[in-house]
Amino acid sequence: MGETSTEKVTSKQIHIPDYDTLVKMLTISYDSFSNKDDFTLGEKLTSTIEKKIETEIDIQEIYETILNKGSDNFPILQRNKHLMYVHGFLSNPLHPPFAKLDASQSWICYWLMNSAILLNSKLTNIEILNSSEKLLSFYNEINNEIGGFGGGNGLFKFQNPHLAASYASIMALALTGNEETWSKIDRNSIKNWLLKMKNSNGSFLMLNNGESDTRAVYCALCISSILNIIDDELKLNVIDWLIKCQTYEGGFSGEPGDEAHGGYTFCALASLFILMKPEEIVKSNLNLDSLIKWTVDRQYSLEGGFSGRSNKLVDGCYSHWIGGTVALLEILINYKLNLNQEKEYQPLIDRERLQNYILCCCQDKFGLRDKPGCKSDFYHTNYVLCGLSMCQHFQFYDQELADSKGNSAFAYVPVEISRTDVVDVKEANRVHALDAIFGLPYSYAVKMFDYFNSVT
Ligand code: FPP
Ligand code: K
Ligand code: ZN
């Protein structure tokens, strides 16, 4: 590589303020609740602000080291290492310390299979058959009467049906592409269970006597649309309840009155996308301007990655929760502006910097992670890869597809970004396109929906 690319890495990709500016930037927003008048800059730091400064310094050092090495040494996606991690854990029994994740077995299945496919690998036949059988056992053997999936069936024999576990199980079953297993899903009992989980105000319970939040709504809507059992009864009052979760900051909280957070914001906006077409969303009571403002504020200029809420630390998993929100907001903006081609698409965030954060800071030796100093885990491996995919694609709404499917949730089509003014994607770093709504590689959700659409 020649001099031009070295210069590109130095000046365009990484912007690093000096330490004093950094401390000033961080402390200026600090609000002293106890005695506002006594407050002087830099004097009182909360432990969060301290950790945030430490993180910024660590990341600054990492970027400086990389810059000093020159662009030929710029980190690339360690695909094979991450695949060893993912397939290794998929095809071997989990070690005893994982027993505490017994109720998250469907999640583990989903995170690992999703990661493998995002990394452009195929699932082996054994992985497909083993996971199909295991996932079905969370449903059939235990919860047949009740209707949803538990998180596992190992230690405690009976696990309560749970909306998050059910979402993970059904998304993982979508990834198997295994129609024979799909045919064994008892959609009627799932529909009845979802109706039992529904509150009259439009929200959903995560489980019987459990909490209600935008996650539960998102899980219920993903499950019911992919199984093609969504109807007016399930949808009643949901939009109104979701809109109540938008906060004064612009992002969404888990329930009305709580704090705006990336995880809940993605769940809320993706839910609105399942319930409405883009033209309906822009006309709804959603405050689009404040949501856009809050969302783009999540990207930090030094780190390049996102935080999940105001004044908190960068974390790789928000590359999906915030990144996914960005992708959906871009759909709305570009739809409104009638920009239908990649060359004219208006991006909302700096993809180059997010990709840098992912490649430089989120790669552990095997698997991906929250931030430097953290170990990789299944959750972060999946959501960091989802975020990397967002960096590399734009999403387009296809009205004709919406009409032909009879459901606009299946009408969002990802397109690879080829514009280096938006993001420079090296072939070694390319990952699979992501479905904007379901958290699955494209087009696994559409295929499962088509199957249940054809058997109805
Ligand atoms: C704060 O953790 C995070 C939460 C309270 C929950 C976030 C919600 C999600 C990630 C969405 C899950 C979605 C589904 C579909 C189940 P923290 O305080 O440790 O992190 P923070 O400092 O970054 O806010
Ligand atoms: K976090
Ligand atoms: Zn995280």
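Residues numbered from 1 in each chain as written. Chains lettered and ligands numbered in written order. Predicted model: local features only at pLDDT ≥ 70, side-chain atom pairs only at ≥ 80, totals over all residues.

- Looking at an unreviewed UniProt entry, one finds the chain named Protein farnesyltransferase subunit beta, with Pichia californica as its source organism.
- Here is the UniProt Subunit (unreviewed entry) comment for the chain, exactly as written: "Heterodimer of an alpha and a beta subunit." (UniProt positions renumbered as here; feature names shortened; annotations may be inferred.)

**Thoughts on helix α17 (residues 351-361)**
Thinking step 1. Here α17 lies mainly inside the structure; 10 of its 11 residues are buried.
Thinking step 2. Looking at α17, one finds that the buried residues are Arg351, Arg353, Leu354, Gln355, Asn356, Tyr357, Ile358, Leu359, Cys360 and Cys361. (Buried ≥ 20, exposed ≤ 12 C-beta atoms within 10 Å, placed from the backbone. Helix = DSSP H or I, 4+ residues; strand = E, 2+ residues; numbered from the N terminus.)

**Here we look at the site of ligand 1**
Thinking step 1. Neighbouring residues of ligand 1: 14 residues in total, closest Ala164, Arg215, Gly263, Gly308 and Lys312.
Thinking step 2. Mapped by element, the contributors of at least two residues to the shell around ligand 1 are α7 (163-176), α10 (214-226) and α13 (262-275).
Thinking step 3. Of the residues belonging to the shell around ligand 1, the class tally is seven nonpolar, three polar and four charged. (Near = placed C-beta within 6 Å. Nonpolar A, V, L, I, M, F, W, Y, C, P; charged D, E, K, R; others polar.)

**Notes on the environment of Thr325**
Thinking step 1. Examined against the element boundaries, Thr325 turns out to sit in helix α16 (residues 318-336).
Thinking step 2. Each C-alpha atom, one on Thr325 and one on Ala436, is 8.8 Å from the other, the two residues being 111 residues apart in sequence.
Thinking step 3. Each residue touching Thr325, except ones within four places of it in the same chain, is listed here: Thr265, Phe266, Leu269 and Thr295. (Contact = placed C-beta atoms within 7 Å.)

**Focus on α13**
Thinking step 1. In a regular helix each residue adds 1.5 Å, so 14 residues correspond to 20 Å; α13 covers 20 Å between its end C-alpha atoms and thus fits that length.
Thinking step 2. With 14 of its 14 residues buried, α13 lies for the most part within the structure. (Expected span 1.5 Å × (residues − 1).)

**Re the packing of helix α4 (residues 79-91) against helix α5 (residues 105-118)**
Geometry of a packed helix pair, given as the angle between the helix axes and the separation of the axes.
Thinking step 1. Here α4 crosses α5 at 140 degrees, and the two axes come no closer than 9 Å. Compared by their axis directions, α4 and α5 come out oblique. Relative to α5, the crossing made by α4 is left-handed. Counted together, Leu83, Val86, His87, Phe89 and Leu90 of α4 and Leu112, Met113, Ser115 and Ala116 of α5 form the full contact between these two elements.
Thinking step 2. For the contact of α4 with α5, the residue count by class is seven nonpolar, two polar and no charged. (Axes fitted to C-alpha atoms, helices over the stretch in contact; angles between N-to-C directions. Parallel < 35°, antiparallel > 145°, perpendicular 65-115°, else oblique. Left-handed = near helix turned anticlockwise from the far one by under 90°.)

**A closer look at the confidence of the model for the chain**
Thinking step 1. Summary statistics for the chain give a mean pLDDT of 91 and a share of 88% for residues scoring 70 or more.
Thinking step 2. When the elements of the chain are averaged for pLDDT, helix α1 (residues 3-13) gives the smallest value, 42, and α13 the largest, 99.
Thinking step 3. Low pLDDT, under 50, characterises residues 1-12; the predicted model gives this stretch 10 contacts beyond four residues in sequence or across chains.
Thinking step 4. Note on residues 28-41: pLDDT under 50 across the span, and nine contacts to partners over four residues away in sequence or across chains.
Thinking step 5. Per the prediction output, this complex has pTM 0.92; the corresponding ipTM is 0.98. (pLDDT = per-residue confidence, 0-100.)

**Here we look at the pairing of strand β1 (residues 393-397)**
Thinking step 1. Taking burial as the measure, the five residues of β1 include five buried ones, the bulk of the element.
Thinking step 2. Here β1 shows no split at all, with His393, Gln395 and Tyr397 on one side and Phe394 and Phe396 on the other all buried.
Thinking step 3. Bridge count between β1 and strand β2 (residues 412-416): five bridges; the pairing is antiparallel. Counted as the bridge partner of Tyr397 is Tyr412 from β2. (Pairing = 2+ DSSP bridges.)

**A closer look at the packing of α7 against α10**
Thinking step 1. Direction vectors running N to C along α7 and α10 enclose 35 degrees, while the axes themselves pass 9 Å from each other. By crossing handedness, the relation of α7 to α10 is classed as left-handed. Every residue of α10 that contacts α7 at Leu163, Ala164, Ser166, Tyr167, Ile170 and Ala174 is listed here: Arg215, Ala216, Cys219, Ala220, Cys222, Ile223 and Ile226.
Thinking step 2. Within the contact of α7 with α10, the residues separate by chemical class into 11 nonpolar, one polar and one charged.

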